[in-house]
Amino acid sequence: MDTDLDSRRDYSKDRTDFILGTTPENCVLFIDGPLIGGVNNPYNVRMNDALLQKNVIPIFIVKNSNSNMVTDNIPRLKGKFNSDLHWAYTFQKAGTRTNFFKYEDSYNDEFSKIFCYLKTFDVSPQRIEFHPKTYAKYRDGMNEMMDLIYYLTLVQGNLKNPQLRSIAIAEKFARETLDLFDMSNLMKSLGLVPTMNQERGFGG
């Protein structure tokens, strides 16, 4: 039994069920995190398909990544940058984005994506990801989608940590929710022993 793997699967399932159960029809949905990434792959693809059926446009936003999908596959870039984010930061001017790239999984076509890098201010860019089915369905409106993402990042207004205003607000609510609970005492009452990282995070 792999407890860590089972935990990540349970989280992915709960996250998928929550998003599908609370997202209204006919909207744009910004999801914090990658579309394709290990155990999340089948859940995210299933979720994406279900959202498209509701006329929802799912857009995945990645702030931090060591990925080299671009730099490893363009000969003139290979070996010159630590990551795609390093390349995009060096290459781009503030207020610009790269062209769209397509990643194709060699074993499962469903685990593919369309992505680009958006540099709002003179700091690390964000990676914007769409499933190919999303891109195909809403291709004619992609420029407007990117303009919307750029605008929502501008109005968030944090020059050092640019991200979409809607995601920034959601993170604030999440942190405030955690503050409602005394996690240290709750863990102790359940007989759980915190790890070193958990003690640092919850002040136990």
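Structure's up top.
Residues numbered from 1 in each chain as written. Predicted model: local features only at pLDDT ≥ 70, side-chain atom pairs only at ≥ 80, totals over all residues. Heavy atoms only, no water.

Trainee: Can you help me understand a nonpolar patch on the surface in this one?
Mentor: There is a patch of nonpolar side chains on the surface, built from Tyr 151, Leu 154 and Val 155 and spanning about 260 Å² of accessible area. Looking at the element boundaries, Tyr 151 is found in helix H5 (residues 142-156). (Patch = residues over 30% accessible without salt bridge, like charges linked within 9 Å, V, L, I, M, F, W, Y side chains within 5 Å. Areas by Shrake-Rupley, 256 points an atom, 1.4 Å probe, with all protein chains shown as cover. Salt bridge = Lys/Arg side-chain N within 4 Å of Asp/Glu carboxyl O. Helix = DSSP H or I, 4+ residues; strand = E, 2+ residues; numbered from the N terminus.)

Trainee: Would you mind showing me how to read the side chain of Arg 127 here?
Mentor: Note on placement: Arg 127 falls in strand S6 (residues 126-130). A polar contact of 3.0 Å, which involves the side chain of Arg 127, links it to the side chain of Ser 65. Within polar-contact distance, the side chain of Arg 127 engages the side chain of Glu 129 at 2.6 Å. Setting aside its immediate chain neighbours within four residues, Arg 127 contacts Pro 34, Phe 60, Ile 61, Val 62, Ser 65, Ser 67, Met 69, Lys 113, Phe 115, Cys 116 and Tyr 117. (Polar contact = N/O pair within 3.5 Å; in protein donor to acceptor, adjacent residues only side chain to side chain. Contact = heavy atoms within 4.5 Å.)

Trainee: Just to check I follow, could you spell out unusual backbone geometry for this structure?
Mentor: The phi torsion of most residues other than glycine is negative, and most of the peptide bonds are trans. At Asn 26, a position not held by glycine, the phi torsion is positive, near 60°. Within the secondary structure, Asn 26 sits in the loop between helix H1 (3-22) and strand S1 (28-32). In the Ramachandran plot, Asn 55 falls in the positive-phi region, its phi being about 60° despite a non-glycine side chain. Mapping Asn 55 onto the fold places it in the loop between helix H2 (41-53) and strand S2 (57-62). On the basis of relative accessibility, which here comes to 35%, the residue Asn 55 falls in the partly exposed class. (Buried < 20%, exposed > 50% of the residue type's maximum accessible area, 1.4 Å probe, protein only.)

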